[in-house]
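For reference, the chains in residue letters:
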Amino acid sequence: MQEKTKQIILDDYDRVQAYEKVFSAEMPKVGPDGSISGLPAPFPRRVHGVERSGYRITELGRQAAKLGIPVQNPILGRNSAEETYKESCEMYKVAEELGITLFHFVHSEATRHIDPLDGEELIEQSRGKGGITPMGERKFIEIGGGVKHPVRINATGDTPHLSIINSLIAGFDGTDIGPVIHVHFGGRGIHDYKTKVLNGYKALQVCADNNIFVQTDSHKHLNNIGGTDGMALAMCLLAEGLAIHAGLPKALSGLQMNVAGINILADLAVMRAFKQVMWSEFLIAVPETFQNPPADLIAEQAHFARMAISAKLGGANFYRPKAAENVGIPTGASMAKAIWASQNVFENTARYTIDDPAIDRRQEEIIREAMAVLGATLEINRELTPGEVGSDLWLKYSAEELVERIVTAGKSGILDAPRAGGWDLKRGVKTHRDKDGIRRYVPGFGPVGIAPQKLAFSSEEVKVDKKAPVTQKEKILLATVGADAHVVGVNMIREAFEKAGYEVIFLRGMNLPETVAEVAAEAKADVIGVSNLLGLGTTLFPRVDQRLQELGIRERVLYIAGGRIAEKEEEHAQVEAKIKAEGTGFLGVDGFFGPGTDPVNAVQWVKDHIKKEEK
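Computed from a predicted structure; not experimentally measured.

About the criteria used
- Numbering of residues starts from 1 in every chain and runs along the sequence as written.
- Per-residue local features are limited, in this predicted model, to residues with pLDDT of at least 70; the limit for side-chain atom pairs, both in listing and counting, is 80 or more; totals at the level of whole chains, interfaces and linings are taken over all residues.
- Side-chain figures throughout are based on the complete set of non-hydrogen atoms in the structure, without hydrogens or water.
- Lines are fitted to the C-alpha atoms to define the axes, a helix being fitted only along its stretch in contact, and any angle between axes, read from their N-to-C directions, falls within 0 to 180 degrees.
- Secondary structure elements are taken from DSSP: a helix is a run of H or I of four residues or more, a strand is a run of E of two residues or more, and numbering for both begins at the N terminus.
- Angles below 35 degrees are treated as roughly parallel, those above 145 as roughly antiparallel, those between 65 and 115 as roughly perpendicular, and all remaining angles as oblique.
- Take the far helix as the reference: if the near one is turned anticlockwise from it by less than a right angle, the crossing is left-handed, and if turned clockwise, right-handed.
- The contact rule is simple, with two residues in contact once any of their heavy atoms fall within 4.5 Å.
- Nonpolar residues are Ala, Val, Leu, Ile, Met, Phe, Trp, Tyr, Cys and Pro. Charged residues are Asp, Glu, Lys and Arg, and all others, Gly as well, are polar.
- Any helix carries an expected span of 1.5 Å times its number of residues minus one.
- Each residue's exposure class comes from its accessible area (1.4 Å probe, protein chains only) as a fraction of the maximum for that residue type: buried when under 20%, exposed when over 50%, partly exposed otherwise.
- For the purposes of these results, a polar contact is taken to be a pair of N or O atoms within 3.5 Å, where, inside protein, one atom must be able to donate a hydrogen and its partner to accept one; residues adjacent in sequence count only when each atom of the pair is a side-chain atom.
- Between rings of Phe, Tyr and Trp, where Trp is taken as its six-membered ring, a pair exists when centres lie within 6.5 Å; planes separated by under 30 degrees are stacked, by over 60 edge-to-face, and by other angles tilted.
- Geometrically, a charge over a ring is one whose NZ (Lys) or CZ (Arg) sits within 6 Å of the ring centre while staying within 35 degrees of the ring normal.

Peer 1: An account of the packing of helix H4 (residues 81-98) against helix H6 (residues 134-142) is requested, with residue identities and associated values reported.
Peer 2: Close contact between H4 and H6 brings their axes to 9 Å; oriented N to C, the two are set at 50 degrees. Put simply, H4 runs oblique to H6. With respect to the hand of their crossing, H4 and H6 are arranged in right-handed fashion. When H4 is examined against H6, the residues Ala 81, Glu 82, Thr 84, Tyr 85, Ser 88 and Tyr 92 are found in contact with a partner set consisting of Gly 136, Lys 139 and Phe 140. Residues belonging to the contact of H4 with H6 are distributed by class as follows: four nonpolar, three polar and two charged.

What follows is the structure, given as structure tokens:
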């Protein structure tokens, strides 16, 4: 019983101990004789009066397939157990009124992405933001979380296997891992790509050992950083290969994907392509939120309703309702409204099959690219067919060989997306979202080693800007601060400054505030721009300012910031009013640019202030 889990604890015991120290959460102990204590029995297991198991989620997914109505998978995790449970009860109440069971995604604290042994200082600087803490996770179950509605946490990043051991102790039924794609998205931690893929495989082994449901990997996250559907499918299939090696049953595995709602035929095509090849039993659909939906929150719900229709007609097992995405972590009441609205769409949209040649053509395009990418990654010198992709294929390789091929493909540019965040990944592709809503490659900028005839290229006129020469004398330094792996926004700012002729030093994600200031001093930067999407700006931005003062360079640099300044929905109005009344001085910055800012406006603001200073 639990032999793989026990071996992982023995092999990584220094990190298990570091997790306990940093998060104050008691973890399993290794005795002098190598025996392990404090590891609970695998699921199914009664925890606080309820039998917990990943198969609770399996049953819901199968029910959805039978009824033709997706089970809702709302995301809500606050900074404490008590607050999370209080807000969750608002969701649970509307679920009871609707007569439905939810699959509750309890979002966990962002510091969970970071190795507790190597990143303790970064964790300490970012505590209590992004969701529930490890100890809060345990308390949440103790006070009633997950009694009727099974729950999962997120466990991607540097050491997901440690987070999953904690969730097993707490009594959570499921988790997500993302051993291939998720670590492309923003970097998701401080380690190199290989370490994160290896630890993702360990996490899959822990889940297999303990009957934990897994969202194995996520088309959504590659989509968010500009990748194509075919690339995402290939990467999800690679993650499934690791899951098969780990011994995870397909009944405990799901793949997450984006539906965009702007082209129902394209949504159905990608869902059918996944279903044609995927090994996992379940499909989890998530509304795409990177398309600048209307600022009006009621109109925004209409934007999400289109995606709920795609999820139902595409046969998704689970669907994540969205509430007020542009105001941070929603309240339970806001999420309850989104649940009500989504269920209304599900129950009042006819269940039927759409047959259209455009769906078939797009499905074939996605499969063709996925097979080509998969073949190149696995170093197969012939054309793979969908029928070959399964356990027999994956078991031809050892787990170590599969990891090595995945890592090599990421570093060589085979597995690629325009805004991949991992610091040691090669980036070279360019994509364009065409007028039909489908993202295709820009001609001449496909992934490395893939024959052009296997890829879908945009036929629209796409101007590819050559890297602009440096024409401005000022030097810009950009970074995210704290335990924040979100680099899409700061990447957009970087591109705008480079296009305007500035030299940009880009530190990517996960930086200590003091490190940013020190690099700026060493590089003689004239402008510093930092970002945080966890609502930590009021804490971390002033620390950059303080260190700049200590270094004696604050007076000569322009310091700006961006991101989500308030973490929670109810805090936004307060902080926005404070900025309007007092300016940005309380943040220690000269200017602040929140979500929705046009990058060109940020660049122009900097230009104007530089001219003003020169005068």
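Peer 1: Before we move on, can you summarise helix H11 (residues 264-277) with the specific residues and values?
Peer 2: Relative to the 20 Å expected for 14 residues at 1.5 Å per residue, H11 spans 21 Å between its end C-alpha atoms, a close match to the ideal helical length. Where H11 is concerned, the buried positions are Ala 266, Asp 267, Leu 268, Ala 269, Val 270, Met 271, Ala 273, Phe 274 and Val 277. Its side-chain oxygen placed 3.0 Å from the backbone nitrogen of Leu 265, Asn 263 serves as the N-cap of H11.

Peer 1: Break down the environment of Val 180 for me, with residues and values.
Peer 2: Among the structural elements, Val 180 can be located in the loop between strand S8 (174-176) and helix H8 (193-210). Among the residues examined, Val 180 registers a relative accessible area of 0% and is labelled buried. Sequence separation between Val 180 and Ala 239 is 59 residues; the distance between their C-alpha atoms is 5.8 Å. Those residues in contact with Val 180 that lie beyond four places of it in its chain are Tyr 193, Asp 217, Met 235, Leu 238, Ala 239, Leu 242, Ile 406 and Leu 415.

Peer 1: How would you summarise the packing of aromatic side chains if you had to cite specific residues and measurements?
Peer 2: Evaluated as defined, the whole model comprises 12 aromatic pairs. A ring pair is formed by Phe 213 and Phe 318, whose centres lie 6.3 Å apart and whose planes are at 70 degrees; its orientation type is edge-to-face. Of this pair, Phe 213 sits in strand S9 (residues 213-218) while Phe 318 sits in strand S12 (residues 318-319), placing them 105 residues apart in sequence. By relative accessible area, which is 0% here, Phe 213 ends up buried. Ring pairs connect the aromatic residues Phe 103, Phe 213, Phe 282 and Phe 318, which therefore count as one cluster. Over the face of the ring belonging to Phe 445 we find Lys 430, whose NZ or CZ atom lies 5.6 Å from the ring centre. The ring of Phe 586 has Lys 578 lying over it, and the distance from NZ or CZ to the ring centre is 4.8 Å.

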